[in-house]
Amino acid sequence: MERRVVITAEAAITPIGHGKKEIWNNLVTRVSGVKNLKNRDELLAKYLHSRVFGIVDYEIAYDFPRKFAKTLGPVSYYACQVAKEVIDRAGMDRETLSSGRVGVAFGSIHGSPTVQRHIYEAFFDPSHTGYTKINATDYLKSMVHTTAVNITRMFGITGRVISSCTACTTASQSIGYGYESIKYGLQDAMICGAADEYDLTTVAVFDNLLACSTAFNDTPHLTPRPFDVRRDGLVIGEGAGALMLEEYEHAKKRGAQVIAEVIGFACSNNGGDLILPNAEGVKRTIRMGLENARINPGDVDLISAHATATKMGDIVEAQAIHSEYGTGPYVSGFKGYIGHTMSACGAIEAIFALYMMQEGAIIPTLNLEEADPRCGMVNHTMQVREKDINIVSIHNFAFGGVNTSLFIKKWR
Amino acid sequence: MTRDIIVDRILSILKEEFEIENPDLDENLTDTYEFDSIDAIALLEHVEDMIGAPLTQEEKKRAMELRTINQICDYIERVIKNKK
């Protein structure tokens, strides 16, 4: 049995805003959310080469009672806020949420790194007494599935819990596995997404791998530069995105407004190197996704590229897109606006795709001024284009050799 | 440390750290304020600061049965007495 899976609500917290109006305005006017790195951690900031970050630097009016807030690290604040917003927007009542037919697929790259650092500091206290100061809630705030289970607890959700933890494909896996859970009748609705919080340790990891942008520290809005000849690496960001996925008849019966339909998903592994991008793996994932969606390459109007602005990654992706799609679909990468929001990128980029479908316009790749000839063989979006978009494919690739392709269709 | 001081300190901690205001001393904190096992562990950290000494594992386990403020204060008085 295969059932149709629709999207009935979305919510995002991003470096360019919280909520559709603000985010869309900033996308259309090409505003970057990348700024100079917060300097609150002297030890790491002193030694980092990259000093730019996609920062959520505005206040969010959280309204969580203490009984829920006590187990929330920063990452779960983001997660629970976007989950709350999709529940409200979808109009899903408590009885439905607690029916056992609604689940959560939500993740982060590794729980709350801020809380984890507190734990490590306590463990490595030279007096050897610090471990007694590890808080009762520290593990609940920092464990890998902290976002998913804090959402279930806060909203009384009793269905299945999927907590993907595959770095940059976390959110796209969440959406994909949520889609499959509904499609095959295991659940009627799933809250899907991911979140990640600001933390310098994340930057340090990529900085040490020579993967971060370092040449634009004085002009942060000019980096990252997906597919551009002057790109010099990724920019770490923070944020969260959530989608309410729902079985079509279930949504219709509730009278929920349908935004779009998820029509396909594929995930594969390169089966080899854990870091280097792999064109064959990306091509295979594209083909699997098209087959799953039962569409042809020519049916896709826009590809939301993973495009982190690393030297090799962008080339491999552009070549794979050209191999499977030719020059048909427009190609845009959105990390120029928000940086690489790590686990959350797939959800945020899917939400950007929904906005573009709703508004009838394709947002260009920010900071793409001159395409690297090795990336120039696809149909890059260089400026805002008015277009009725029917199908968007969202690409995401992660350390560990994980690739995903997700297909979303406009609801008509 | 007198009983009155212990009561005042516990009431202050419950208000500032757990958002529990003006509780009855014999009220069941779990039933009335959803004070759970996570809160109990967190409260013990404050108790350790209050008495100026770490609690043993056995002392902590005994605390898991406490439900009211009066029971908490009895417990603290016993712990202080045993540590003298």
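Draft legend 1. Up close: the overall build of chain A. Scanning chain A from N- to C-terminus turns up 15 helices and 16 strands. A compact globule built from 412 residues would reach a C-alpha radius of gyration of about 22 Å, and chain A, at 20 Å, matches this within 12%. Overall, chain A is about 65 × 55 × 40 Å in size when its C-alpha atoms are taken along their principal axes. Considering chain A as a whole, with its 412 residues, one finds that 63% of them fall into the buried category.

Draft legend 2. Structural view of the overall build of chain B. A tally of regular secondary structure across chain B gives 5 helices and 0 strands. Beginning at the N terminus, the succession of helices and strands in chain B can be written as α-α-α-α-α. Whereas a compact globule of 84 residues would reach a radius of gyration of roughly 12 Å, chain B reaches 12 Å, a difference of no more than 12%. Projected onto its principal axes, the C-alpha positions of chain B cover 35 × 25 × 20 Å. Counting the 84 residues in chain B, one finds 38% classified as buried. Of the contacts made within chain B by residues no fewer than 6 positions apart, 63% connect residues no fewer than 24 positions apart. Summing over all exposed atoms, chain B offers an accessible surface of approximately 5000 Å²; the carbon and sulfur share of this is 45%. Across chain B, the centroid of the 11 positively charged side chains sits 10 Å from that of the 21 negatively charged ones.

Draft legend 3. Spotlight on the environment of A:Lys35. All names here are of chain A. One can find Lys35 in strand β3 (residues 34-36). Sequence-wise, Lys35 and Gly111 are 76 residues apart; in three dimensions their C-alpha atoms are separated by 24 Å. A distance of 2.6 Å separates a polar atom in the side chain of Lys35 from a polar atom in the side chain of Asp57.

Draft legend 4. Fine view of the environment of A:Ser163. Residues and elements named next belong to chain A. Position of Ser163 relative to the elements: it lies in the loop between β6 (161-162) and α9 (170-183). Residue Ser163 is classed as partly exposed on the basis of its relative accessible area of 24%. Taking C-alpha positions, Ser163 is 23 Å from His118, a pair spaced 45 residues apart along the chain. Discounting chain neighbours no more than four positions away, the residues touching Ser163 are Phe106, Gly107, Val144, His145 and Ala148. Here Phe106 takes part through its backbone oxygen, which lies 3.1 Å from a polar atom of the side chain of Ser163.

Draft legend 5. Main features of the nonpolar core. Residue and element names in this part refer to chain A. Grouped together as the largest cluster of nonpolar side chains are 47 residues, with contacts concentrated most on Ile7, Leu245, Phe352 and Ile408. In terms of residue count, helix α15 (residues 345-359) provides more of this core than any other element does, 10 residues in total. Leave out the neighbours within four places in its chain, and Phe352 touches Thr14, Ile16, Ile23, Leu27, Phe334 and Ile338. Counting residues in each nonpolar core, the second largest holds 34 residues, with Phe64, Ala90, Met92 and Leu97 among its members.

Draft legend 6. A look at the interface of chain B and chain A. Counting residues at the interface gives 11 residues for chain B, matched by 11 residues for chain A. A per-residue breakdown of the area chain B buries against chain A is headed by B:Glu34, B:Ile38 and B:Glu45, which together make up 49% of the total. Connecting chain B to chain A are 5 salt bridges. Notably, a salt bridge pairs A:Lys70 with B:Asp39, separated by 2.7 Å at the nearest N-O pair. Across the chain B-chain A interface, the total number found is 6 residue pairs in polar contact (both at pLDDT 80 or more).

Draft legend 7. Spatial organisation of the pattern of salt bridges. If you walk through the whole model with that rule in mind, you get 32 salt bridges over all chains. A salt bridge links A:Arg287 to A:Glu324; the shortest N-O distance between them is 2.9 Å. Taken together, the residues span a long stretch of sequence, with A:Arg287 in helix α12 (residues 279-293) and A:Glu324 in helix α13 (residues 311-325) at a distance of 37 residues. Accessibility expressed as a relative area gives 40% for A:Arg287, which makes it partly exposed. With a shortest N-O distance of 3.8 Å, B:Glu58 and B:Lys61 are connected by a salt bridge. Of the two residues, B:Glu58 and B:Lys61 are both situated in helix α4 (residues 57-63); the distance of 3 residues between them amounts to about one turn of the helix. Judged by its relative accessible area of 53%, B:Lys61 falls in the exposed class. One connected set of salt bridges, linked through shared partners, spans A:Arg66, A:Lys70, A:Arg153, B:Asp36 and B:Asp39.

Draft legend 8. Focus on the side chain of B:Glu45. Mapped onto the fold, B:Glu45 is located in helix α3 (residues 37-51). With a relative accessible area of 16%, B:Glu45 lands in the buried category. Not counting chain neighbours up to four residues away, the residues in contact with B:Glu45 comprise A:Ile134, A:Asn135 and A:Ala136.

Draft legend 9. Inspection of the side chain of A:Ser304 at higher detail. Residue and element names in this part refer to chain A. Here Ser304 lies in strand β10 (residues 302-305). On the basis of relative accessibility, which here comes to 0%, the residue Ser304 falls in the buried class. Residues within four places of Ser304 in sequence aside, it is in contact with Ser332, Phe334, Glu349, Val392, Ser393, Ile394 and His395.

Definitions and limits used
- All chains use their own residue numbering, which begins from 1 and follows the written sequence.
- All chains are assigned letters beginning with A, and all ligands numbers beginning with 1, in the order in which they are written.
- A pLDDT threshold of at least 70 governs which residues receive local features in this predicted model, and a stricter bar of 80 or more applies before side-chain atom pairs are shown or counted, although totals over entire chains, interfaces and linings include all residues.
- With hydrogens and water stripped out, all remaining heavy atoms of the structure feed into the side-chain values.
- Secondary structure is summarised from DSSP: a helix means a run of H or I of at least four residues, a strand means a run of E of at least two, and numbering begins at the N terminus for each.
- This radius of gyration counts C-alpha atoms alone. The globule rule is 2.2 Å times how many residues there are, raised to the power 0.38.
- Each residue's exposure class comes from its accessible area (1.4 Å probe, protein chains only) as a fraction of the maximum for that residue type: buried when under 20%, exposed when over 50%, partly exposed otherwise.
- The contact rule is simple, with two residues in contact once any of their heavy atoms fall within 4.5 Å.
- We get accessible surface area from the Shrake-Rupley algorithm with a probe of 1.4 Å; when it comes to residues, only the shown protein chains can shield them.
- Charge counting treats Lys and Arg as positive and Asp and Glu as negative, with His and both chain ends excluded.
- A charge is said to be at NZ when it belongs to Lys, at CZ for Arg, at CG for Asp and at CD for Glu.
- Counting of polar contacts relies on pairs of N or O atoms within 3.5 Å, with two restrictions inside protein: one atom must be capable of donating a hydrogen and the other of accepting it, and residues adjacent in sequence are counted only when both atoms are side-chain atoms.
- Throughout, nonpolar core names a set of buried Ala, Val, Leu, Ile, Met, Phe, Trp, Tyr and Cys residues whose side chains join them through atoms within 4.5 Å.
- By convention, the term buried area covers the 1.4 Å-probe accessible surface removed from two parts as they join, with the contributions of both added.
- Salt bridge criterion: a side-chain nitrogen from Lys or Arg within 4 Å of a carboxyl oxygen from Asp or Glu.

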